[in-house]
Amino acid sequence: MSNEKTIEYLQQAVKMELTAAHQYQLHAHTLDDWGLTRLAGQMREEMQEELGHSDQFIERLMFLKAAPEIGFEKTPQQAETLPDMFRADLSDEEEAIGFYTKAAMHAGETGDIGTRMLFEKVALDEEGHKSWLELQLDLIERLGEKTYSAKLVSFGEDDESAG
């Protein structure tokens with residue numbers, strides 16, 4: 001059903017998703033520090049989704065009787081500005097989409113339908129992230145960073161009733 005290259009793709013995917021999860025975690029704390037608590041909450045949701053992806057890849061590795069290799073593809077980096085944060089994430093998402101597409105094609109060629117479908121599903125999720133990031137960058141360009149950021153600030157527990 002599988003082969004060594006498919007296992008390599010899955011191992012790499014675990015590392016990519018764990019890196020992404022912890023990158024979003026770092027973003028969330030950075031955004032909290034900047035007072036952009038609503039956007040920090042969004043980053044925590046992204047973190048959970050990426051952890052879910054890594055979990056699915058680990059599960060698939062174990063199904064294929066391979067020992068998952070837990071680690072980071074690269075070290076998460078703290079952004080200096082909001083546009084820099086979004087641009088770095090966009091680059092990572094584009095890289096992931098290309099990788100998962102290639103991995104899905106390989107799995108399909110070897111007849112590993114389950115792995116192919118997993119890579120395709122995650123690639124589609126990453127396309128959604130890419131679209132969201134492109135929209136945020138477009139909004140910052142059109143509105144300006146200050147105006148864009150103003151809607152992302154939370155002023156405390158009664159914030160929802162104040163807005």
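Residues numbered from 1 in each chain as written. Predicted model: local features only at pLDDT ≥ 70, side-chain atom pairs only at ≥ 80, totals over all residues. Heavy atoms only, no water.

Digging into the pattern of salt bridges
All told, the structure shown has 10 salt bridges when counted by the stated rule. For R87, the salt bridge identified is with D84, shortest N-O distance 2.8 Å. Taken as a pair, R87 and D84 lie in helix α3 (residues 82-109) at a separation of three residues, close to a single helical turn. Of the residues examined, D84 reaches a relative accessible area of 35% and is grouped as partly exposed. Between D125 and K121 there is a salt bridge, with the nearest N and O atoms lying 3.2 Å from each other. In this pair, D125 and K121 both sit in helix α4 (residues 113-143), four residues apart, roughly one turn of the helix. (Salt bridge = Lys/Arg side-chain N within 4 Å of Asp/Glu carboxyl O. Helix = DSSP H or I, 4+ residues; strand = E, 2+ residues; numbered from the N terminus. Buried < 20%, exposed > 50% of the residue type's maximum accessible area, 1.4 Å probe, protein only.)

Quick notes on the packing of aromatic side chains
Aromatic rings in a pair are described by how distant their centres are and how their planes are angled relative to each other. Following the criterion strictly, the structure yields seven aromatic pairs and no others. With a centroid separation of 5.7 Å and 90° between ring planes, the pair formed by F86 and W132 is classed as edge-to-face. Of this pair, F86 sits in helix α3 while W132 sits in helix α4, and the two are 46 residues apart along the sequence. Using a relative accessible area of 24% as the deciding quantity, one classes W132 as partly exposed. Connected via pairs of aromatic rings, a cluster forms that spans Y9, F57, F99, Y100 and F119. Against the face of Y9 rests K5, its NZ or CZ located 5.0 Å from the ring centre. (Phe/Tyr/Trp six-rings, centres within 6.5 Å; stacked < 30°, edge-to-face > 60°. Lys NZ or Arg CZ within 6 Å of the ring centre and 35° of its normal.)

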